[in-house]
Amino acid sequence: MRRARVLRILVIREVTIILHYRWWLAFLQLSNIIAPAISLLVWRGAIGHGATPPVTETFLTTYLVLVSIVSMLTSSWTSGFLAESIRLGGLSSWLIRPCSTHLNGIANNLGEKIVKLCLLVPLVAVLGIIFRSQVDLPTAPMKWLTFIISLLAAGAMTYSLDIVVGSLAFWFEDVSAIDRLRYLLFGILSGAVIPLALLPAGIRKYLDAQPFRFMVSFPLEVLLGHPSRSGFALQFGWFVTFVGAAVIIWRAGLRNYQGAGA
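Quick caveat, the model's predicted, so the values are computed rather than measured.

Here is what the cut-offs are and how they apply
- Residues numbered from 1 in each chain as written.
- Predicted model: local features only at pLDDT ≥ 70, side-chain atom pairs only at ≥ 80, totals over all residues.
- Heavy atoms only, no water.
- Helix = DSSP H or I, 4+ residues; strand = E, 2+ residues; numbered from the N terminus.
- Rg over C-alpha atoms; globule rule 2.2 N^0.38 Å.
- Buried < 20%, exposed > 50% of the residue type's maximum accessible area, 1.4 Å probe, protein only.
- Areas by Shrake-Rupley, 256 points an atom, 1.4 Å probe, with all protein chains shown as cover.
- Lys, Arg positive; Asp, Glu negative; His and termini not counted.
- Charge placed at Lys NZ, Arg CZ, Asp CG, Glu CD.
- Expected span 1.5 Å × (residues − 1).
- Contact = heavy atoms within 4.5 Å.
- 1 Å grid on protein atoms, 1.4 Å probe; cavity = no way out; pocket = protein on both sides within 12 Å on 5 of 7 lines; lining within 4 Å.
- Points joined across faces, edges and corners; volume = space filled by probe spheres on them.
- Nonpolar A, V, L, I, M, F, W, Y, C, P; charged D, E, K, R; others polar.
- Core = buried A, V, L, I, M, F, W, Y, C linked by side-chain atoms within 4.5 Å.
- Salt bridge = Lys/Arg side-chain N within 4 Å of Asp/Glu carboxyl O.
- Patch = residues over 30% accessible without salt bridge, like charges linked within 9 Å, V, L, I, M, F, W, Y side chains within 5 Å.
- Phe/Tyr/Trp six-rings, centres within 6.5 Å; stacked < 30°, edge-to-face > 60°.

Enquirer: A description of the overall build of the protein chain should follow, citing residues and the corresponding values.
Expert: Assigned secondary structure in the protein chain consists of 11 helices and zero strands. Along the protein chain, from the amino end to the carboxyl end, the secondary structure elements read α-α-α-α-α-α-α-α-α-α-α. The C-alpha radius of gyration computed for the protein chain amounts to 20 Å, which stays within 12% of the reference 18 Å derived for 262 residues, consistent with globular compactness. Out of the 262 residues belonging to the protein chain, those deemed buried represent 45%. Of the roughly 14200 Å² that the protein chain leaves accessible, carbon and sulfur atoms contribute 70%. In the protein chain, 21 positive and 11 negative side-chain charges are present, and the distance between their average locations comes to 8 Å.

Enquirer: Give a description of helix α11 (residues 229–256) that names residues and reports values.
Expert: In this model, α11 (28 residues) spans 41 Å end to end at C-alpha, consistent with the 40 Å of a helix rising 1.5 Å per residue. Residues of α11 that are buried: G231, Q235, F242, A246, W250 and G253. Packing partners of the buried residues in α11 comprise α4 (78–88), α5 (91–95), α6 (101–130), α7 (141–167) and α10 (217–224).

Enquirer: Please provide a residue-by-residue account of the layout of surface pockets, values included.
Expert: Volume-wise, the largest pocket comes out at about 670 Å³. Around the largest pocket, the lining comprises 24 residues; the ones closest to its centre are I106, G155, A156, Y159 and S160. Residue contributions to the lining of the largest pocket peak at eight residues, all from α7. Of the residues assigned to the lining of the largest pocket, the class counts are 16 nonpolar, six polar and two charged. What lines the second largest pocket is a set of 21 residues, and nearest its centre among them are N32, S71, M72, S75 and F186.

Enquirer: Give me the lowdown on the nonpolar core, citing residues and values where you can.
Expert: The biggest cluster of nonpolar side chains holds 37 residues, and the ones touching the most others in it are Y63 and M215. Taken together, the elements giving at least two residues each to this core come down to α2 (22–48), α3 (57–74), α6, α7 and α10. Looking at which element gives the most residues to this core, the answer is α3, with 10 residues. Those residues in contact with M215, other than ones at most four positions away along the chain, are T74, A154, M157, T158, L161, F186 and F242. Residues V15, L91, L103 and V115 belong to the second largest nonpolar core, which totals 24 residues.

Enquirer: Just give me the short version of the pattern of salt bridges, but keep the residues and values in it.
Expert: Considering all chains together, one arrives at seven salt bridges under this definition. Two residues, R213 and E221, come together in a salt bridge whose shortest N-O distance is 2.6 Å. Note on accessibility: R213 and E221 belong to one class, buried. Shared partners join several salt bridges into a network, and the residues in it are D162, D179 and R182.

Enquirer: Help me get a handle on a positive patch on the surface, residues and values and all.
Expert: There is a patch of like positive charges on the surface, built from R2, R3, R5 and R8. With respect to the element layout, R3 can be found in helix α1 (residues 2–18).

Enquirer: Before we move on, could you go through the packing of aromatic side chains and cite the residues and values that matter?
Expert: As enumerated under the stated definition, the model contains nine aromatic pairs in all. A ring pair is formed by F218 and F232, whose centres lie 5.3 Å apart and whose planes are at 80°; its orientation type is edge-to-face. Of the two residues, F218 sits in helix α10 while F232 sits in helix α11, which places them 14 residues apart along the sequence. Owing to a relative accessible area of 0%, F218 belongs among the buried residues under this scheme. The partly exposed category is assigned to F232, whose relative accessible area is 32%.

Encoded structure:
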């Protein structure tokens, strides 16, 4: 209960701070929706000229309308801040506080996502209205419940991976290259840029098992399709793996931490 109260206070503080940058965030969300909107126009044009994608036009349209929201909700940007805190010694001040640096990172993610959601939803609604003839949202409550559970698991996976990458700063002076590689792989393999269903069938069995799929594509598959039990089992397995890796690497790093630069 104490942690919940501290988290609430931290989230309110983060929202207050982030509101000072609301116009920057508004333009950022506009840029985030441009890529799926362009993809949507390209694929609809291709379908109009006879292309036959392996999914229905309704699924493809609904997926690309919603993907910017799912990508934003499951994203995390903690690794760079965490690595800098370790490298410059700022972590030392958190180690003597009753509040964990990770709780502060979660609060930052939640606070920023609350503001981003308020800015992004109207833009997605406009996109959905434009293509409303091909947008089909489920009405079954169970669909939305399983979608929310999968979305929360995806967000926890992304945040845990952020901690893993950021914690590498305990041993390496610069982890930015690793971070950039992670974001590149995430954009391609998560389905945030191109729906995984449109990629070649020959590599689909590998794409379906890799972890990035469960950070964006899988929650949308849960909402819009009929995912198998093996899909949920794989997401749970990757969730446990990522969270466990974050805990192990963080604790190992703390034993190696000397507070240089503090």
